[in-house]
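Tertiary structure, described
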Amino acid sequence: MTRKSVRPYREPAGGWGALKALSEALLVQRVPVKGAATLSRMNQPQGFDCPGCAWPDPKHTSSFEFCENGGKAIAWEATSKRCTPEFFAEHTVTELAGWSDYDLEMVGRLTHPMAYDKASDRYLPVEWSDAFDMIGRQLRALPDPNMAEFYTSGRTSNEAAFLYQLFVREYGTNNFPDCSNMCHEATSVGLPQSIGVGKGTVLLEDFDKADCIFIFGQNPGTNSPRMMTSLRNAARRGASIISFNPFRERALERFQAPQSPVEMITLSSTTISSKLFQVRIGGDVAVLKGIMKILVEADEAARAADQPEILDWDFIRGHTVGIEALIDDLKRTQWPAIERQSGLTREDMEYAANAYMKSERAILVYGMGITQHQRGAHNVQQIANLALLRGNVGREGAGVCPVRGHSNVQGDRTVGITEVPKADFLERLEHRFGFKPPSAPGHNVVTALEAMIGGEVKVFFAMGGNFAAAIPDWQATQAALRELDLTVHVSTKLNRSHLIHGRAALILPCLGRTEIDVQASGPQSITVEDSMSMVHASGGRNKPASERLLSEVAIIAGMAKATLGDNTVVDWDGFVADYDRIRDAIEAVFPIFQGYNARIRVPGGFHLTSTARERIWATPSGKANFLVFEGCGEDPPQCDPNFLWLSTIRSHDQYNTTLYSMSDRYRGVFGQRDVVFLNEYEMRKRGLAEGDRVDLITESTDGVERIVRNFRVVGYSFPTGCCAAYYPETNPLVPLYARDPMSFTPSFKGIPIRLVRSSASETSIEH
Ligand SMILES: Nc1nc2c(c(=O)[nH]1)N[C@H]1C(S)=C(S)[C@@H](COP(=O)(O)OP(=O)(O)OC[C@H]3O[C@@H](n4cnc5c(=O)[nH]c(N)nc54)[C@H](O)[C@@H]3O)O[C@H]1N2
Ligand SMILES: Nc1nc2c(c(=O)[nH]1)N[C@H]1C(S)=C(S)[C@@H](COP(=O)(O)OP(=O)(O)OC[C@H]3O[C@@H](n4cnc5c(=O)[nH]c(N)nc54)[C@H](O)[C@@H]3O)O[C@H]1N2
Ligand SMILES: [Mo]
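Being a predicted model, the structure only gives us computed values, none of them experimental. (Residues numbered from 1 in each chain as written. Chains lettered and ligands numbered in written order. Predicted model: local features only at pLDDT ≥ 70, side-chain atom pairs only at ≥ 80, totals over all residues. Heavy atoms only, no water.)

Looking now at the overall build of the chain. Along its length, the chain carries 31 helices and 33 strands. By its C-alpha atoms, the chain is 80 × 60 × 55 Å across when sized along the principal axes. Per-residue burial for the chain yields a buried fraction of 65% across its 767 residues. Counted over contacts in the chain with a minimum sequence separation of 6, partners at least 24 positions apart contribute 79%. Accessible area for the chain stands at about 26,900 Å²; split by element, carbon and sulfur atoms hold 52% of it. One finds the centroid of the 81 positive side-chain charges in the chain at a distance of 4 Å from the centroid of its 91 negative side-chain charges. (Helix = DSSP H or I, 4+ residues; strand = E, 2+ residues; numbered from the N terminus. Buried < 20%, exposed > 50% of the residue type's maximum accessible area, 1.4 Å probe, protein only. Contact = heavy atoms within 4.5 Å. Areas by Shrake-Rupley, 256 points an atom, 1.4 Å probe, with all protein chains shown as cover. Lys, Arg positive; Asp, Glu negative; His and termini not counted. Charge placed at Lys NZ, Arg CZ, Asp CG, Glu CD.)

And the structure:
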């Protein structure tokens, strides 16, 4: 294990450090040499889609593009380590609950279906058919199908997701809590009100044409490293790249491209952001309003002086409504408030506004720093406003670019994983299959958790993910999970959610993306949709980690047959035998998939059209809408004025709840994760020094104590009034009530907390 230390990282991101880190990951996971060849099949025409992030690949036709974190994601799946029935026989669940998240996943790939045995407090092997019967019995016994929750994590393929929603709707509920409820839901809810679609409007090639790229609250060097190629090329072409992030994330500053022999050999690098503004946590709306205010005033001045317009009035008049209210709001918003909320100066915003005004084609990129806030959907809408002011939507080299998380989180939504299904979708489902799907809205993650806490839920089923660790407010939410009658997890690796289980519990191990999936008609491919709405096929080649594994598709079918028995109208076995049939059914229900099976056989796949990209506005007004957000920040909490905004963030060495190591190379933190980043001023104000130990306590408004203990203070260049610490260790601090009322996205990036010197001798994060 790496020694604990904190030391500044002075290198560019990427480069030899990235190559070294990946080779270490392959070693730790004991990926056989043959398995390392697996990497070269990533994102290739005949290969599999990287199970890492959702960033697109140049048409899935290019030569191998090196990606450190994509490589780690594959190493974690292609590992030769195994989590077997013998392992479970040796350890009680109570004992495993004391293990760290890192150690749990390090055991290796799950090999057998396992059922919890209360008498021995162990998971024991179970036959697949018995596992399905158990699920069927429990689900049939529920007096109301709405007493079951069906979670999806975004690695699930289009085929599995479609069958999953089909089963759940035939069973009778729309309870689809989804990982995107904790992620880009603010986009899915906020953006349609602005531009009529809840997805981005750019394609990868637009990055080659943009002359200005703004990046709000997104960390590409870690979370979508292949995006660095686009950013590097844009920077080298002279595009101005401006980042807004409380951290000076290294990859947003300097990047050494592992694909560039010149940069690698000469140890040179490319400057990425021409400016990186360290915005305060939750200060983005203030920044956006500041920039828009400058644009509006410059436009008025230009028009008064008969100079060319700054705003794109042809576009605004022809394509939008609401400009008057927006201008009115911007005029009313005063500079002192903008500067206070954003933590930036008016000059900073003038710099950004000038770059934006001068550019002909601008792309506005954003990530979790925007969406995971109490005003997440509003934040997204202000980004759309900024784009619309200069007609930067539906034009080459320009657009809005939400960077999605999980590799198929966008596709899962497209094929029907939603708790609020539209009427036309339900009609087509009924027409194709001949049963009446439920239309009452179901639960999202937050409302599912509230229902569990209220005792209204009995069964929780998870298609992937690590729900118990990813959710907020552990004290209450994990306790509720333990009260359920049955919890079921379809998983590849052992994780926390298997240990925080219901009275009965199942772990169902499935094939991963890298593995060959053979069914009655031969080897199958699945399909996924990336962040830019490109759909393409993915087929694994590796031998499955165990002979007992089933595909997610087969698991859904097995469960559906056991639950619905003779009542089903679906030919589940037919779907499992040949995934082409699933795609035909998807096409029948969603006309945008026209020609699905033929089109995924073309290398590179196909693009799902986006109306906004074509300047067709699928809004009630038939136009794009400028939307006003009163004020310019998070609601200030009623608490100690010395509170700090806490943002919960990812290290460079984790994939959500999966930890690749205990280090965070680019931020210079090694061998530890129980740290809190804050600036010198905030340290001094509290009489704290580097290395001191503190407890983090939420400024709760419901009287509940939320605390994590004994975190190490790390002095860092960070905005005043703010601090940051890692997810998921700090999830106990995030109250369930702290969420965006529009999209229900938890406010993972903005929780008011206070710090007190710790009297604890050990770090404690209670599960
Ligand atoms: N290697 C790796 N890849 C991943 C993931 C992973 O964990 N590891 N996760 C996947 C998933 S599911 C997702 S959703 C994405 C997540 O990818 P990102 O969207 O990049 O998510 P985070 O790293 O959580 O936070 C992004 C950035 O927001 C900044 N930030 C925090 N608060 C604020 C704020 O108030 N305003 C602004 N402007 N910035 C702020 C943080 O400093 C950080 O740099 O990545 C996906 N890809
Ligand atoms: N505090 C805080 N909380 C957050 C966030 C944050 O920024 N801060 N981010 C939120 C975000 S953006 C997201 S998306 C969620 C993530 O929440 P989840 O998607 O639920 O969590 P993951 O950690 O991605 O899930 C990891 C597990 O997925 C399983 N797995 C891996 N590959 C496969 C596969 O191919 N099939 C199946 N069936 N299982 C597989 C493995 O068993 C692994 O242990 O967390 C959210 N929670
Ligand atoms: Mo995510």
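After presenting the structure, the write-up continues.
Take the side chain of D206 next. Mapped onto the secondary structure, D206 falls in the loop between α9 (185–195) and β8 (212–216). Excluding residues within four positions of it along the chain, D206 makes contact with T201, I363, R395, E396, G397, A398 and R613.

Because each turn of an α-helix spans 3.6 residues, side chains separated by three or four positions in sequence point in the same direction. Residues W474, T477, Q478, A480 and L481 constitute the buried set of helix α25 (residues 474–482). Projected down its long axis, α25 carries its buried residues within an arc of 155 degrees, all on one side. For α25, the secondary structure elements touched by its buried residues are α23 (445–453), β16 (459–463), α24 (467–470) and β17 (486–491). (Arc of directions from axis to C-beta.)

Moving on, we come to the UniProt feature "domain: Molybdopterin dinucleotide-binding" (unreviewed entry) in the chain. With numbering aligned to this structure, UniProt lists the feature "domain: Molybdopterin dinucleotide-binding" (unreviewed entry) at residues 644–751. The annotated region residues 644–751 carries 6% helix and 34% strand content, and the separation between its end C-alpha atoms amounts to 8 Å. (UniProt positions renumbered as here; feature names shortened; annotations may be inferred.)

What follows concerns the nonpolar core. Formed by 66 residues in total, the largest nonpolar core has its most connected members in F162, F167, F433 and W572. Residue contacts for F167: discarding those within four places in its chain leaves L139, F150, I556, M559, A560, T563, L564 and W572. Judged by nonpolar contacts, the second largest core, of 59 residues, contains C212, I242, L288 and V400. (Core = buried A, V, L, I, M, F, W, Y, C linked by side-chain atoms within 4.5 Å.)

What follows deals with the site of ligand 2. Surrounding ligand 2, one finds 32 residues, the nearest of these being E105, Y151, E552, T657 and N731. A distance of 2.9 Å separates an oxygen atom of ligand 2 from a polar backbone atom of N466. A distance of 2.9 Å separates a nitrogen atom of ligand 2 from a polar side-chain atom of T648. Considering ligand 2 on its own, with 940 Å² of exposed area, one finds that the protein chains cover 96% of that surface. For the shell around ligand 2, the elements supplying multiple residues, two or more each, are α24 and β17. Of the residues contributing to the shell around ligand 2, the split by class is 12 nonpolar, 14 polar and six charged. Each of two domains, domain 1 (109–183 + 426–510 + 550–589) and domain 3 (644–757), supplies a minimum of three residues to the shell around ligand 2. (Near = heavy atom within 4 Å. Polar contact = N/O pair within 3.5 Å; in protein donor to acceptor, adjacent residues only side chain to side chain. Nonpolar A, V, L, I, M, F, W, Y, C, P; charged D, E, K, R; others polar. Domains from an automatic or database assignment.)

In the structure shown here, the tally under the stated rule is 40 salt bridges. In this structure, R667 and D664 form a salt bridge, with 2.8 Å as the shortest nitrogen-oxygen distance. On the accessibility criterion, D664 (2% relative accessible area) is buried. Here R754 ties to E699 by a salt bridge, and the two come within 3.7 Å at their closest N and O atoms. Taken together, the residues R754 in strand β33 (residues 751–757) and E699 in the loop between β30 (693–698) and β31 (707–715) connect sequence positions 55 residues apart. A relative accessible area of 31% means that R754 is categorised as partly exposed. (Salt bridge = Lys/Arg side-chain N within 4 Å of Asp/Glu carboxyl O.)

This part takes up the packing of aromatic side chains. According to the stated counting rule, one finds 39 aromatic pairs in the structure shown. Plain terms: the ring middles of F433 and F575 are 6.3 Å apart, the flat faces sit at 65 degrees to each other, and that makes the pair edge-to-face. Of this pair, F433 sits in helix α22 (residues 423–433) while F575 is found in helix α28 (residues 572–577), placing the two residues 142 residues apart along the sequence. A residue is classified by how much of its surface remains accessible, and F433, at 9% relative accessible area, is buried. (Phe/Tyr/Trp six-rings, centres within 6.5 Å; stacked < 30°, edge-to-face > 60°.)

With that out of the way, let us pick up the packing of helix α8 (residues 158–171) against helix α27 (residues 552–564). To characterise two packed helices, one gives the angle between the axes of the helices and the distance between these axes. In contact at an axis separation of 9 Å, α8 and α27 are set at 10 degrees when each is read in the N-to-C sense. Here α8 lies roughly parallel to α27, going by the angle between them. Of the residues in α27, those touching α8 at E159, A160, L163, Y164, F167, E170 and Y171 are E552, V553, I556, M559, A560, T563 and L564. (Axes fitted to C-alpha atoms, helices over the stretch in contact; angles between N-to-C directions. Parallel < 35°, antiparallel > 145°, perpendicular 65-115°, else oblique.)

Now for the domain arrangement of the chain. Put simply, an interface is often sized by how much accessible area is lost when its parts join up. Each domain of the chain was delimited in the assignment, giving domain 1 (109–183 + 426–510 + 550–589), domain 2 (195–402) and domain 3 (644–757). For domain 1 and domain 2, the distance between their C-alpha centres works out to 39 Å.

This part covers the sheet that holds strand β7 (residues 148–152). Pairing is mixed across the open sheet formed by six strands, whose spatial order is β6-β5-β18-β17-β16-β7. At either margin of the open sheet sits one strand with a lone partner, and together these are β6 (122–125) and β7. This sheet shows a mean twist of 20 degrees between the axes of neighbouring strands, independent of strand direction. Where β17 meets strand β18 (residues 504–509), six bridges bridge the pair, whose relative direction is parallel. (Pairing = 2+ DSSP bridges.)

This part covers the UniProt feature "domain: Molybdopterin oxidoreductase" (unreviewed entry) in the chain. Taking the UniProt record as the reference, the feature "domain: Molybdopterin oxidoreductase" (unreviewed entry) is found at residues 109–492. Secondary structure content for residues 109–492 is 47% helix and 14% strand, and the end C-alpha separation is 6 Å.

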